[in-house]
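Residues per chain, in single letters:
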There are 2 protein chains.
Amino acid sequence: MQQIVECVPNFSEGRRQEVIDEILAGVTSVPGAHLLDVQSDGDHNRTVVTFVGGPEAVLEAAFQSARIAAGLIDMNQQRGEHPRMGATDVIPFIPVRGVSMDDCAQLARRLGQRLGQELDIPVYLYGQAASRPERVNLPDVRRGEYEGIRDSIGSDPARDPDFGPLRLGSAGATAVGARAFLIAFNIYLNSDTVEIAKKIAKTVRHSSGGLRFVQAMGVLVDGQAQVSMNLTDFSRTPLHVVVELVRREAARYGVLISHSELVGLIPQQALLDAATWYLQLDGFKPDQVLENRLGE
Amino acid sequence: MQQIVECVPNFSEGRRQEVIDEILAGVTSVPGAHLLDVQSDGDHNRTVVTFVGGPEAVLEAAFQSARIAAGLIDMNQQRGEHPRMGATDVIPFIPVRGVSMDDCAQLARRLGQRLGQELDIPVYLYGQAASRPERVNLPDVRRGEYEGIRDSIGSDPARDPDFGPLRLGSAGATAVGARAFLIAFNIYLNSDTVEIAKKIAKTVRHSSGGLRFVQAMGVLVDGQAQVSMNLTDFSRTPLHVVVELVRREAARYGVLISHSELVGLIPQQALLDAATWYLQLDGFKPDQVLENRLGE
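Residues numbered from 1 in each chain as written. Chains lettered and ligands numbered in written order. Predicted model: local features only at pLDDT ≥ 70, side-chain atom pairs only at ≥ 80, totals over all residues. Heavy atoms only, no water.

A.B. asks: Is there a simple way to explain the side chain of T88 of chain B in this structure?
C.D. replies: All names here are of chain B. Within the secondary structure layout, T88 lies in strand β5 (residues 88-97). Residue classification places T88 among the buried positions, given a relative accessible area of 3%. Setting aside residues up to four positions removed in sequence, T88 forms contacts with N10, F11, S65, A66, A69, A173 and T174. (Helix = DSSP H or I, 4+ residues; strand = E, 2+ residues; numbered from the N terminus. Buried < 20%, exposed > 50% of the residue type's maximum accessible area, 1.4 Å probe, protein only. Contact = heavy atoms within 4.5 Å.)

Here it is as structure tokens:
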């Protein structure tokens, strides 16, 4: 089965379109790297790029775009509302299909080494690729931003990068890591009582005692109560478990699910997991899906 | 989204491996045609070949394999248990993804015209591509087999082919048509009482008043009651409708579904339909599946 990795690098340029275009060319120039989305924000002065492909293609596309960004963005000049520490600020690798989280952490280490050795950029491993517990969360890694890291790296051992030199150049530093795919998923109730959505959100979300990989809040959308959620690891907290817990909790308040919606993309596996659970297809194998037999 | 058509030609040769290999080479020689399965039966003296690909690739692969079969199989000599009327006996086109039944019927007409004009083979359109109601069912088209058609074609207007000459050569005649994908799906009950499975099968199958595109029977498998089904058009009688009707009917006898199983392949769409129904994803679009964004 075709291996697919998603990569969502954030670049510290959201204003100069010609610079953004050159960075994107670094992605599209790599065979097998498919550009899916580009979001630029002038106030944040930041561009979020989403592309997918096989592990090697994604690794190469990430390196090429970071190489171009390092040559075109001077962090001594760069200003914007969004916290940042490097021309290429952060590069996460995300397993989509046929690859594990460990595979993506390994990709992060390989990319980090190249950025350090070939581009002389200090690299901090974060997320599932972090080498220290205090570097799992990106905001902790980025604390102080470019200027703060520039002034303390080399003197403060806590600032020692995983790869690259003990000094910051004009390209700054880059966080490279691995994380799970994020699914944005909303459930609408046949009710205009937002309090019920808030109670359900409180039950299902991790922060208040609910499911481990669920963030949730209750809101009112066009007069309809909605449980708005981020599923941060569908392989460990599946979509159908979330939906059935919301359904049960809603029934306790005399309310039903009217419909749900996906915001953005979802890996095929998340829907296959739901289909096989509801249909009780215990022995199901992904290669029983005809399209998965077509290979590359 | 990538267009996928399945083609399952039946050839009247199940004994001479060198002949079968040449016919298969006619399929694999076409770029974009993916060979999925080959089933040969010596007693039937018949080989069933399954391949998939884009419409044009599948059309060309079907023509090339039929051209080779016509040159290597002499229907005046061919004998076997399975009814047959041609070297290439029947060629169905099956919509899998991004193509309609009408698209497949059009493919059948285009192939039929080529077989008639270029190979001088009489072609009868059948199934969803049939030009006459009495030719929808293959057994009606094939009645009398090769010898019967050879002796009556030209004299009996009911035998006039849709394409090709009013006489049979050594390659015989070929039925070309379009049909829906067939899903073989079994549901196991937490019961050893086969009578319950038989009652449920009677309720859900079309022949006794049930769902239109369901064939079903109740059997005992390793001491467990099973409802064994063929779903002959999942786009019109969806998998989840079948499962939930079986579940409701089983409950009436105090029985639950223990698990289910797919025999062979299933188009991704059939599982996406089930997932989106159970998850109530009303506005879901197939291009929200990340893999579907990878194009070709």
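Resuming the write-up.
A.B. asks: In this structure, what is going on with the pattern of salt bridges? I would like to understand it.
C.D. replies: Two side chains of opposite charge can pair, provided their charged atoms sit close to one another. Residues and elements named next belong to chain A. Summed over the entire model, instances satisfying the criterion amount to 32 salt bridges over all chains. For R142, the salt bridge goes to D89, with nearest N and O atoms at 2.6 Å. Of this pair, R142 sits in helix α4 (residues 138-142) while D89 sits in strand β5 (residues 88-97), and the two are 53 residues apart along the sequence. Exposure remark for R142: the relative accessible area of 10% places this residue in the buried category. (Salt bridge = Lys/Arg side-chain N within 4 Å of Asp/Glu carboxyl O.)

A.B. asks: What's the story with the pairing of strand β6 (residues 123-127) of chain A in this structure? I'm lost.
C.D. replies: Note on strand geometry: in a regular strand, side chains alternate between the two faces of the sheet. Residues and elements named next belong to chain A. Along β6, five of the five residues are buried, which leaves the element largely enclosed by surrounding structure. Relative to strand β7 (residues 174-178), β6 runs parallel, the two sharing five bridges. Directly across from Y126, in β7, lies its bridge partner G177. (Pairing = 2+ DSSP bridges.)

A.B. asks: Looking at this structure, how should I read the relation of the copies chain A and chain B?
C.D. replies: Each copy of the chain is related to the other by a rotation around an axis and a translation along that axis. Least-squares fitting of chain A to chain B yields an RMSD of 0.0 Å, with the superposition described by an axial translation of 0.0 Å and a rotation of 180°. The transformation relating the two chain copies, once decomposed into turn and shift, fits a two-fold axis. The rotation axis passes nearest to the C-alpha of A275 of chain A in chain A, at a distance of 2.2 Å. Comparing contact sets, 100% of the residues at the interface of chain A also lie at the interface in chain B, consistent with an isologous, same-surface contact. (Least-squares fit on C-alpha atoms with pLDDT ≥ 70 in both.)

A.B. asks: What should I look at first to understand unusual backbone geometry in this one?
C.D. replies: Leave glycine aside and you will find that most residues have negative phi; peptide bonds, for their part, are mostly trans. Its identity as a non-glycine residue notwithstanding, D222 of chain A has a phi of 50°, on the positive side. Examined against the element boundaries, D222 of chain A turns out to sit in the loop between β9 (214-221) and β10 (224-231). Note on D222 of chain A: relative accessible area 81%, which makes it exposed. At Q280 of chain B, a residue that is not glycine, the phi angle is positive and equals roughly 60°. Looking at the element boundaries, Q280 of chain B is found in the segment after α8 (268-278). Accessibility expressed as a relative area gives 16% for Q280 of chain B, which makes it buried.

A.B. asks: Sorry if this is basic, but what is going on with the pairing of β9 of chain A here?
C.D. replies: Residue and element names in this part refer to chain A. Where β9 meets β10, eight bridges bridge the pair, whose relative direction is antiparallel. In the sheet register, A216 faces β10, and the bridge partner there is M229. A loop of two residues connects β9 with β10, the two strands running antiparallel in sequence, and D222 in this loop sits at a positive phi of about 50°.

A.B. asks: Quick question: what am I supposed to make of the interface of chain A and chain B here?
C.D. replies: Size of an interface: often given as the accessible area lost when the parts come together. On the side of chain B, 43 residues touch chain A, which itself brings 43 residues to the contact. Surface buried jointly by chain A and chain B totals about 3,700 Å² across both partners, of which 65% is contributed by carbon and sulfur atoms. When the area that chain A buries against chain B is broken down by residue, the three leading residues are L279, L290 and L294 of chain A, summing to 19%. For the pair chain A and chain B, the number of links is two salt bridges. For E291 of chain B, the salt bridge identified is with R97 of chain A, shortest N-O distance 3.6 Å. Here chain A is connected to chain B by 20 residue pairs in polar contact (both at pLDDT 80 or more). Breaking the side of chain A that touches chain B down by element, the ones donating at least two residues are β1 (4-7), β3 (34-41), β5, α7 (239-252), β11 (257-263) and α8 (268-278) of chain A. Per-element tally for the side of chain A that touches chain B: the top contributor is α8 of chain A, with seven residues. (Buried area = accessible area lost by both parts, 1.4 Å probe. Polar contact = N/O pair within 3.5 Å; in protein donor to acceptor, adjacent residues only side chain to side chain.)

A.B. asks: Help me understand the domain arrangement of chain A in this model?
C.D. replies: Each assigned domain of chain A is listed with its residue range as follows: domain 1 (4-178) and domain 2 (183-288). Using C-alpha coordinates to define each centre, domain 1 of chain A is positioned 32 Å away from domain 2 of chain A. (Domains from an automatic or database assignment.)

A.B. asks: I would appreciate a short explanation of the sheet that holds strand β11 (residues 257-263) of chain B in the present structure.
C.D. replies: Where strands meet in a sheet, backbone hydrogen bonds hold them as pairs that are either parallel or antiparallel. All names here are of chain B. Strand order in the open sheet formed by four strands is β9-β10-β8-β11, and the pairing between neighbours is antiparallel. Lying at the two open borders of the sheet, with one neighbouring strand each, are β9 (214-221) and β11. The sheet shows a mean angle of 20° between the axes of neighbouring strands, taken without regard to direction. Of the strands in this sheet, β8 (183-189), β9 and β10 (224-231) touch helix α6 (residues 194-204), which is tilted by about 175° from β9. Against the sheet, helix α7 (residues 239-252) makes contact with β8, β9, β10 and β11, and its axis sits at roughly 25° relative to β8, the strand it touches most. (Axes fitted to C-alpha atoms, helices over the stretch in contact; angles between N-to-C directions.)

A.B. asks: Please explain the packing of aromatic side chains as it appears in this structure.
C.D. replies: In this description, an aromatic ring pair is defined by two values, namely the gap between the centres and the angle between the planes. By the definition in use, this model includes three aromatic pairs over all chains. Here the aromatic rings of W277 of chain A and Y278 of chain A are separated by 4.9 Å at their centres, their planes lie at 80°, and the arrangement is edge-to-face. Each ring, one from Y278 of chain A and one from Y278 of chain B, has its centre 4.5 Å from the other, and the planes form 0°; the classification is stacked. Pair noted here: Y278 of chain A is in helix α8 and Y278 of chain B is in helix α8, and the two residues belong to different chains. Y278 of chain A sits in the buried class, given a relative accessible area of 7%. Three or more aromatic residues joined by ring pairs make a cluster, and in this case those are W277 and Y278 of chain A together with W277 and Y278 of chain B. (Phe/Tyr/Trp six-rings, centres within 6.5 Å; stacked < 30°, edge-to-face > 60°.)

A.B. asks: Just checking my understanding: could you explain the nonpolar core for this structure?
C.D. replies: A general tendency of soluble globular proteins is for nonpolar side chains to be buried together. Core analysis: the largest hydrophobic core is formed by 92 residues, its most contacted members being L189 and M229 of chain A together with M229 of chain B. With residues up to four places along the chain from it excluded, the contact list for M229 of chain B reads I183, A184, F185, N186, I187, V204, V214, Q215, A216, V242 and V246 of chain B. Core analysis: the second largest hydrophobic core is formed by 54 residues, A33, V49, A66 and M75 of chain B among them. (Core = buried A, V, L, I, M, F, W, Y, C linked by side-chain atoms within 4.5 Å.)

A.B. asks: Honestly, the confidence of the model for chain A in this entry has me stumped. Any pointers?
C.D. replies: Any region with low pLDDT has predicted coordinates that should not be read closely. A residue-level look at chain A finds 99% of positions with pLDDT of 70 or above and a mean pLDDT of 96. Scored by ipTM, the complex comes to 0.83, with pTM at 0.85. (pLDDT = per-residue confidence, 0-100.)

A.B. asks: In this structure, what is going on with the sheet that holds β10 of chain A? I would like to understand it.
C.D. replies: All names here are of chain A. The strand order across the open sheet formed by four strands is β9-β10-β8-β11, and the pairing between neighbours is antiparallel. Unpaired on one side and paired on the other, β9 and β11 mark the two borders of the sheet. Averaged over all pairs of adjacent strands, the angle between their axes in this sheet comes to 20°, without regard to strand direction. Summarising the sheet, strand β8 (residues 183-189) and β11 pair through six bridges and their orientation is antiparallel. Bridge pairing in β11 places L189 opposite I257. In the packing of helix α6 (residues 194-204) onto the sheet, contacts are made with β8, β9 and β10, and the angle to β9 comes to roughly 175°.

A.B. asks: Quick question: what am I supposed to make of the packing of α7 of chain A against α8 of chain A here?
C.D. replies: A packed helix pair is summarised by two numbers, namely the angle formed by the two axes and the spacing between the axes. Residues and elements named next belong to chain A. Across the interface, α7 lies against α8 with an axial gap of 8 Å and an inter-helix angle of 60°. Our classification of the angle between α7 and α8 gives oblique. Residue-level inspection shows L239, H240, V243, E244 and R247 of α7 in contact with α8, the latter providing A270, L271, D273, A274, W277 and Y278. The residue inventory of the contact of α7 with α8, partitioned by class, reads seven nonpolar, one polar and three charged. (Parallel < 35°, antiparallel > 145°, perpendicular 65-115°, else oblique. Nonpolar A, V, L, I, M, F, W, Y, C, P; charged D, E, K, R; others polar.)

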